[in-house]
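# Summary of the model geometry
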Amino acid sequence: MKKIVLLCNMGLSTSALVKKMQEAASAENYDCSINAYPASEAQEMASDADVVLIGPQVSYLQPQVQAKLPGKPVEVINMMDYGMMNGKNVLKRAKELMGEKN
């Protein structure tokens, strides 16, 4: 099972997006774990993640998160998809970053 971690300022603003991503994963029978955490907990909560997505509001943290998680795909969530809470598109991008076909 793949583990997808979303990071934001306090771990709260991405919770709605996590729900939308979980719904999209369920609709396509994709077995994965998707959770959101504060960016300050990146090292503890995302060390075993397959991909880490960062909320656009904390995009400036990407270099620090990447340094804490060497070898893991770390990317800022597309601002349009984030704003529209487009869980399907964000899940699709997460899968691409893990080298999976959609």
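Everything discussed here concerns the structure shown above.
Below is a summary of the structure that appears in this document. What you see is a predicted model, and the numbers here were worked out from it, not measured in a lab.

### Focus on the pairing of strand E3 (residues 51–54)
Here E3 shows two buried faces, one formed by Val51 and Leu53 and the other by Val52 and Ile54. Pairing analysis gives four bridges linking strand E1 (residues 2–8) to E3, with the strands arranged parallel. Along E3, the bridge assignment pairs Val5 with Val52. One ladder, built from three bridges, connects E3 with strand E4 (residues 74–76); its direction is parallel. Each bridged residue has a counterpart across the sheet, and for Val52 the counterpart in E4 is Val74. At this point the chain moves from E3, through helix H3 (residues 62–68), to the parallel E4, and the crossover so formed is right-handed.

### With respect to the environment of Cys8
The topology assignment puts Cys8 in strand E1. Cys8 sits 49 residues away from Gln57 along the chain, and the two C-alpha atoms are 7.2 Å apart. Excluding anything up to four places from it in sequence, Cys8 contacts Ser13, Thr14, Tyr37, Pro38, Ala39, Gln57 and Val58.

### Things to note about the pairing of E1
Of all seven residues that make up E1, six are buried, and the element is covered over most of its length. Sheet topology note: the E1/strand E2 (residues 32–38) ladder contains seven bridges and is parallel. The residue bridging Lys2 from the neighbouring strand is Cys32, located in E2.

### Focus: helix H5 (residues 87–97)
Three or more residues of H5 are buried, namely Gly87, Val90, Leu91, Ala94 and Lys95. Viewed along the axis of H5, the buried residues span an arc of 140°, placing them on a single side of the element. At its buried positions, H5 is contacted by E1, helix H1 (15–27), E2, E3 and helix H4 (79–83). Positive phi shows up at Gly99, right after H5, with a value of about 80°.

### Some details on H1
Over its 13 residues, H1 extends 18 Å from the first C-alpha to the last, a length consistent with the 18 Å expected when each residue adds 1.5 Å. For H1, every residue scored as buried is listed here: Leu17, Val18, Met21, Ala24 and Ala25. Each buried residue of H1 sits inside an arc of 125° when the element is viewed along its axis, so together they form one side. Residues of H1 that are exposed and point over 90 degrees away from its buried face: Lys19, Ser26 and Ala27. Lining the buried residues of H1 we find E1, E2, E3, H4 and H5. One or two positions beyond H1, positive phi appears at Asn29, with a value near 55°.

Criteria and thresholds
- Numbering of residues begins from 1 in every chain and follows the order in which that chain's sequence is written.
- Side-chain atom pairs in this predicted model are given and counted only at pLDDT of 80 or more, local residue features only at pLDDT of at least 70, and totals for whole chains, interfaces and linings cover all residues.
- In computing side-chain values, all of the structure's heavy atoms are included and hydrogens and water are not.
- Under the scheme applied here, a residue whose accessible area is under 20% of the maximum for its type counts as buried, over 50% as exposed, and between as partly exposed, the area being computed with a 1.4 Å probe on protein chains only.
- Only runs of H or I of at least four residues qualify as helices and only runs of E of at least two qualify as strands under DSSP, and these elements are numbered from the N terminus.
- Two strands qualify as a pair provided that DSSP identifies no fewer than 2 bridges between them.
- By the criterion used throughout, a crossover qualifies as right-handed when its path from the first strand across the helix to the second strand runs clockwise, the strands pointing away from the viewer.
- Whether two residues touch is decided by their heavy atoms; if any such pair falls within 4.5 Å, the residues are in contact.
- Each C-beta atom gives one direction from the helix axis, and the arc is the one those directions make.
- Every helix has an expected span of 1.5 Å times one less than the residues it contains.

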